[in-house]
Amino acid sequence: LSGFGSESLYYLATNYLMILSYVKSGLFSLLLLGFLPFSVVCTAQEVVNFRLPDLQGRLQDIAQYRGKWLVVNFWATWCGPCVASIPHNIELVNRYGDQGFTFIGIHDSTSGWDRADAMVKSKGVNYPVAKDSDGQTTSTYNLQFWPTYIAIDRTGTIRAAGLRPDKVEDVVKVLIAGDGGNTR
């Protein structure tokens, strides 16, 4: 493990179970784009569609985002790093929204949803926030840690999962550039 800084080793250690689940699936490769610690990139793994209620009572259906780059942020109001990443998430939507990029937050099912509406309003969140009412997405994506980000391409294929909040923009840039910025 020489060459890994203490930050990289910490990330690897704290996300071991999630990373191991991607390795066991056999549908992974490491995305080494000069921004270690790494992101796990799934190749040809189709996103599992789910429909979840958002704060306005509308169902957020992942299939409705086909044709756009989508980042899904699994978060919770009780998670300090999740709350700290909200301003960056807002900035990503502002910066890349006109390039076919969109974002959705999915709140953890266990607790804190009662504080989500006030937090979303106070922080000026500019993307939909839905609730994983029954733990469906937590189970499907084998979430172990919050926040967890997943990047999905225009065809509904997961391209990156297990992203650190400070690395999401790097992946968005690479994915948009690889698509030629085509906004279809």
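Conventions used here
- Residues numbered from 1 in each chain as written.
- Predicted model: local features only at pLDDT ≥ 70, side-chain atom pairs only at ≥ 80, totals over all residues.
- Heavy atoms only, no water.
- Phe/Tyr/Trp six-rings, centres within 6.5 Å; stacked < 30°, edge-to-face > 60°.
- Buried < 20%, exposed > 50% of the residue type's maximum accessible area, 1.4 Å probe, protein only.
- Helix = DSSP H or I, 4+ residues; strand = E, 2+ residues; numbered from the N terminus.
- Right-handed = clockwise from strand over helix to strand, strands pointing away.
- Pairing = 2+ DSSP bridges.
- Core = buried A, V, L, I, M, F, W, Y, C linked by side-chain atoms within 4.5 Å.
- Contact = heavy atoms within 4.5 Å.
- Disulfide = S-S within 2.5 Å.
- Arc of directions from axis to C-beta.
- Salt bridge = Lys/Arg side-chain N within 4 Å of Asp/Glu carboxyl O.
- pLDDT = per-residue confidence, 0-100.

## Some words on the packing of aromatic side chains
Counting across every chain of the model gives 5 aromatic pairs. One aromatic cluster is present, built from ring pairs that chain together Tyr96, Phe101, Phe103, Tyr127 and Tyr149.

## Let's talk about the pairing of strand 7 (residues 101-107)
Where burial is concerned, most of strand 7 is hidden: 7 out of the 7 residues are buried. Handedness of the β-α-β unit built from strand 6 (residues 69-75), helix 3 (residues 80-96) and strand 7 comes out right-handed. The pairing of strand 7 with strand 8 (residues 129-131) spans 3 bridges and is parallel. Bridged to Ile106 within strand 8 is Ala130. Following the backbone out of strand 7, through helix 4 (residues 116-123) and into the adjacent parallel strand 8, one traces a crossover that is right-handed.

## Quick word on the nonpolar core
Here is a general trend for soluble globular proteins: nonpolar side chains tend to be buried in one another's company. Judged by nonpolar contacts, the single largest core of 28 residues is most densely connected at Val71, Phe101, Phe103 and Tyr127. With 7 residues, the top contributor of residues to this core is helix 3. Beyond its immediate chain neighbours, meaning those up to four positions away, Phe103 contacts Leu70, Val71, Asn73, Asn89, Leu92, Val93, Tyr127, Pro128 and Tyr149. Counting 17 residues, the second-largest nonpolar core is a separate cluster that includes Phe74, Tyr141, Leu143 and Ile150.

## Description of the state of the cysteines
Evaluation of the coordinates by the stated rule reveals 1 disulfide. Disulfide partner of Cys79: Cys82, at an S-S distance of 2.4 Å. The chirality of the disulfide connecting Cys79 with Cys82 is right-handed, given an S-S dihedral of about 80°. Among the residues examined, Cys82 registers a relative accessible area of 1% and is labelled buried.

## Considering helix 4
Those residues of helix 4 that fall on the buried side of the exposure criterion are Ala116, Met119 and Val120. Mapping the buried residues of helix 4 onto a view down its axis gives an arc of 100°, with all of them on the same face. Opposite the buried face of helix 4, by more than 90 degrees, sit the exposed residues Ala118, Lys121 and Ser122. Tucked into the core, helix 4 has its buried residues touching strand 6, helix 3, strand 7 and strand 8. Just beyond helix 4, the residue with positive phi is Gly124, at close to 70°.

## Digging into the pattern of salt bridges
Within the structure shown, the criterion is met by 8 salt bridges. A salt bridge links Glu91 to Arg95; the nearest nitrogen and oxygen atoms lie 2.9 Å apart. Here Glu91 pairs with Arg95, and both are found in helix 3, just 4 residues apart, close to one helical turn. By relative accessible area, which is 32% here, Glu91 ends up partly exposed. The partner of Asp166 in a salt bridge is Arg164, with the nearest N and O atoms 2.5 Å apart. A residue is classified by how much of its surface remains accessible, and Arg164, at 8% relative accessible area, is buried. Connected via shared salt-bridge partners are Glu91, Arg95 and Glu169.

## Quick look at the confidence of the model for the protein chain
Confidence in the prediction of the protein chain, expressed as mean pLDDT, is 78, and 73% of residues score 70 or more. When the criterion is pLDDT under 50, residues 1-9 qualifies, and its contacts beyond four places in sequence or with other chains add up to 7 contacts. Overall, residues 180-184 carries pLDDT values under 50, and its contacts beyond four positions in sequence, including any with other chains, amount to 8 contacts.

## Digging into the environment of Cys79
Here Cys79 lies in the loop between strand 6 and helix 3. Its relative accessible area of 5% is what places Cys79 among the buried residues. In this structure, the C-alpha to C-alpha distance between Cys79 and Asp108, residues 29 residues apart in sequence, is 9.7 Å. When near neighbours in sequence (up to four residues on either side) are disregarded, Cys79 contacts Trp146 and Pro147.

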